[in-house]
Amino acid sequence: MSKSANPGELRTPVYFKRINRGLDGEGYPQEAEVNVFGKANGKDVPCMCKWVNAHGTEVFQSMQLEIREPATITTRFSRKLLDPKLIIYKGDDPLPYEVISIDNVEERGVWLEIKVQRRAGAR
């Protein structure tokens with residue numbers, strides 16, 4: 001297997017949330033963040049992942065594509081994480097990351113490699 005992580009490298013807590021879009025009672029659009037992995041009491045559960053920030057030539061390529069703070073997450077496979085509407089919180093960081101791409105490594109269903117960037121609002 002070409003891309004993987006040793007158990008000792010999975011040390012960054014990451015919170016996965018899904019964005020649900022809809023309309024409120026007056027017809028205005030609204031967004032709600034729903035925990036992907038959570039307990040019955042509504043508390044979010046972190047996933048331990050390998051987090052690698054962009055470095056080397058990857059930084060210059062991301063600057064050309066106007067990607068903000070790119071990173072790569074490697075985590076165990078879960079079908080719940082194959083949703084492109086995911087947003088990701090790294091540890092206690094209050095600013096979320098958005099998913100650029102999701103790769104089921106070698107289509108084996110063992111590892112997921114997720115490319116993310118910092119989420120920014122419309123200008």
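Residues numbered from 1 in each chain as written. Predicted model: local features only at pLDDT ≥ 70, side-chain atom pairs only at ≥ 80, totals over all residues. Heavy atoms only, no water.

## Considerations on the environment of Leu-112
Looking at where Leu-112 falls in the secondary structure, it is placed in strand S7 (residues 111-118). Here Leu-112 falls in the buried class, since its relative accessible area comes to 0%. Setting aside residues up to four positions removed in sequence, Leu-112 forms contacts with Ile-73, Thr-74, Thr-75, Arg-76, Phe-77, Ser-78, Leu-81, Leu-82, Ile-102, Asp-103 and Asn-104. (Helix = DSSP H or I, 4+ residues; strand = E, 2+ residues; numbered from the N terminus. Buried < 20%, exposed > 50% of the residue type's maximum accessible area, 1.4 Å probe, protein only. Contact = heavy atoms within 4.5 Å.)

## Structural notes on the side chain of Asn-104
Position of Asn-104 relative to the elements: it lies in strand S6 (residues 97-104). In this structure the side chain of Asn-104 is engaged in a polar contact, spanning 3.1 Å, whose partner is the backbone nitrogen of Gly-109. Aside from chain neighbours lying at most four places away, what touches Asn-104 is Phe-77, Gly-109, Val-110, Trp-111 and Leu-112. (Polar contact = N/O pair within 3.5 Å; in protein donor to acceptor, adjacent residues only side chain to side chain.)

## Focus on the pairing of strand S4 (residues 71-76)
Most of S4 is tucked away, with five of its six residues classed as buried. Note: S4 against S7, six bridges, orientation antiparallel. Bridged to Ile-73 within S7 is Ile-114. (Pairing = 2+ DSSP bridges.)

## A short note on unusual backbone geometry
With a phi close to 55°, Glu-106 is a non-glycine residue in the positive phi region. Position of Glu-106 among the secondary structure elements: in the loop between S6 and S7. Even without being a glycine, Glu-107 presents a positive backbone phi close to 55°. The residue Glu-107 is located in the loop between S6 and S7 in this model.

## Let's talk about the pattern of salt bridges
For the structure shown, the criterion picks out seven salt bridges. Among the salt bridges present, the one from Asp-44 reaches Lys-17, with a minimum N-O distance of 3.5 Å. Here the residue Asp-44 occupies a position in the loop between strand S2 (29-35) and strand S3 (47-53), and Lys-17 occupies one in strand S1 (residues 12-23), the gap between them amounting to 27 residues. In this pair, the class of Asp-44 matches that of Lys-17, namely buried. For Arg-118, the salt bridge is made with Glu-69, and the minimal N-O distance between the two is 3.1 Å. Pair noted here: Arg-118 is in strand S7 and Glu-69 is in the loop between helix H1 (57-64) and S4, with a separation of 49 residues, a long-range link. Take Arg-118: its relative accessible area is 11%, and that puts it in the buried class. Residue classification places Glu-69 among the partly exposed residues on the basis of a relative accessible area of 46%. Here the salt bridges do not stand alone but share partners, grouping Glu-69, Asp-93 and Arg-118 into one network. (Salt bridge = Lys/Arg side-chain N within 4 Å of Asp/Glu carboxyl O.)

## Re the pairing of S3
In summary, the side chains of a regular strand alternate between the two faces of the sheet. Bridge count between S1 and S3: three bridges; the pairing is antiparallel. Residue Val-14 lies in a different strand from S3, and its bridge partner there is Cys-47. Bridging between S3 and S4 involves four bridges; their strand directions are antiparallel. What sits directly across from Trp-51, in S4, is Ile-73.

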